[in-house]
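Residue-level structural notes
Here is what each chain is made of, one letter per residue.
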Amino acid sequence: MNFGNLFRIALKALSNNKFRGFLTMLGIIIGVGSVITMLAIGQGSKRSIQAEISEMGSNMIMISPGGDRRGGVRLSVDDMQTLKVKDFEDIVEKCSYVSLASPTVNASGQCVYGSNNTPTSVYGVNLDYLEIRNYKVEDGDTFSEQDIKTAAKVCLIG
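Residues numbered from 1 in each chain as written. Predicted model: local features only at pLDDT ≥ 70, side-chain atom pairs only at ≥ 80, totals over all residues. Heavy atoms only, no water.

**Quick look at the overall build of the protein**
What counts is decided by this rule: The helix count covers DSSP runs of H or I at least four residues long, the strand count covers runs of E at least two residues long, and both are numbered beginning at the N terminus. With a 1.4 Å probe rolled over the protein chains alone, any residue whose accessible area is under 20% of its type maximum counts as buried; one over 50% counts as exposed, and the rest are partly exposed. Any two residues having at least one pair of non-hydrogen atoms within 4.5 Å are treated as being in contact. Only the protein chains shown count as cover for residues, and all accessible areas are computed by the Shrake-Rupley method using a 1.4 Å probe.
Looking only at helices and strands, one finds 5 helices and 4 strands in the protein. By the burial criterion, 6% of the 158 residues in the protein qualify as buried. Across the protein, the fraction of contacts at a sequence separation of at least 24, relative to all contacts at a separation of at least 6, is 22%. Carbon and sulfur atoms provide 59% of the accessible area of the protein, an area that totals close to 13,900 Å².

Structure follows, in structure tokens:
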């Protein structure tokens, strides 16, 4: 049999069974569309996860104070402050493999502007924090070392 004859037989079968042909085409279209959609969702998730990991830094370590157990009662991190400024200074001065370090103090609260009120987190950091986290100041200036020493009321919003 030649291809021309096969093609004519296929067209005749499609014209005799139009509804079956329509359902077959619909199934193929839905199948291909769902595969394309799932691949797009997978690629988007992959990019999102990669962006989050790169934002954290590929070689970043966060050191947090731990809770303590006294008299059989476990105290939370909020109840104890086990890391001091001296610990930060020792890490910077004595650890040869640490290139940047930033102490962090954080708190939660409400930001109020006019009639707008929203919950937020506030972080106290030094200048190295922006470089550690790969943050860029888009508009305006960042705080300075003098601002940190004098505890000036400046902030970065973002």
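**Things to note about the side chain of asparagine 126**
For the record, the criterion: N or O atoms within 3.5 Å of each other form a polar contact, as long as, within protein, one can give a hydrogen and the other can take it, and as long as residues adjacent in sequence are counted only when both atoms are side-chain atoms.
Position of asparagine 126 among the secondary structure elements: in the loop between β4 (116-124) and α4 (128-132). Look at asparagine 126 and you get buried, because its relative accessible area is 12%. Within polar-contact distance, the side chain of asparagine 126 engages the side chain of serine 102 at 3.0 Å. Discounting residues that sit within four places of it in the chain, asparagine 126 has contacts with Phe88, Ala101, Ser102, Pro103, Phe143 and Ile148.

**A word on unusual backbone geometry**
You will see that alanine 151, though not glycine, has its phi angle at about 55°, which is positive. Of note, alanine 151 is situated in the segment after α5 (145-149). Its relative accessible area of 61% is what places alanine 151 among the exposed residues.

**Here's the deal with the confidence of the model for the protein**
Applicable threshold: The pLDDT value tells you how sure the predictor is about a given residue, anywhere from 0 up to 100.
Confidence in the prediction of the protein, expressed as mean pLDDT, is 83, and 87% of residues score 70 or more. Mean pLDDT values for the elements of the protein range from 57 in strand β1 (residues 68-70) up to 90 in helix α2 (residues 18-56).

**Description of a nonpolar patch on the surface**
Here is the rule we go by: In this analysis, a patch consists of residues with relative accessible area above 30% that form no salt bridge, clustered at 9 Å for like charges and at 5 Å for the nonpolar side chains Val, Leu, Ile, Met, Phe, Trp and Tyr. Should a side-chain nitrogen of Lys or Arg be within 4 Å of a carboxyl oxygen of Asp or Glu, the pair is scored as a salt bridge.
A cluster of nonpolar side chains, Phe19, Phe22, Leu23, Met25, Leu26, Ile29 and Ile30, forms an exposed patch at the surface whose accessible area comes to about 740 Å². Summarising the element assignment, leucine 23 is placed in helix α2.

**Re the state of the cysteines**
For the record, the criterion: By disulfide we mean two sulfur atoms from cysteines, separated by a distance within 2.5 Å.
Counted by the stated rule, this structure contains 0 disulfides. No disulfide involves cysteine 155; its nearest neighbouring cysteine sulfur is the one of cysteine 111, lying 8.1 Å away. For cysteine 155, a relative accessible area of 60% corresponds to the exposed category.

**Observations regarding the pattern of salt bridges**
Inspection of the entire model under this criterion finds 2 salt bridges. A salt bridge links lysine 86 to aspartate 90; its shortest N-O distance comes to 2.9 Å. You can see lysine 86 and its partner aspartate 90 sitting in helix α3 (residues 85-94), 4 residues apart, about one turn around the helix. The partner of aspartate 90 in a salt bridge is lysine 94, and the shortest N-O contact between them spans 3.9 Å. Remark: lysine 94 and aspartate 90 occur in helix α3; sequence separation between them is 4 residues, near one turn of the helix. Residue lysine 94 is classed as exposed on the basis of its relative accessible area, which comes to 63%. One network of salt bridges, with partners in common, ties together Lys86, Asp90 and Lys94.

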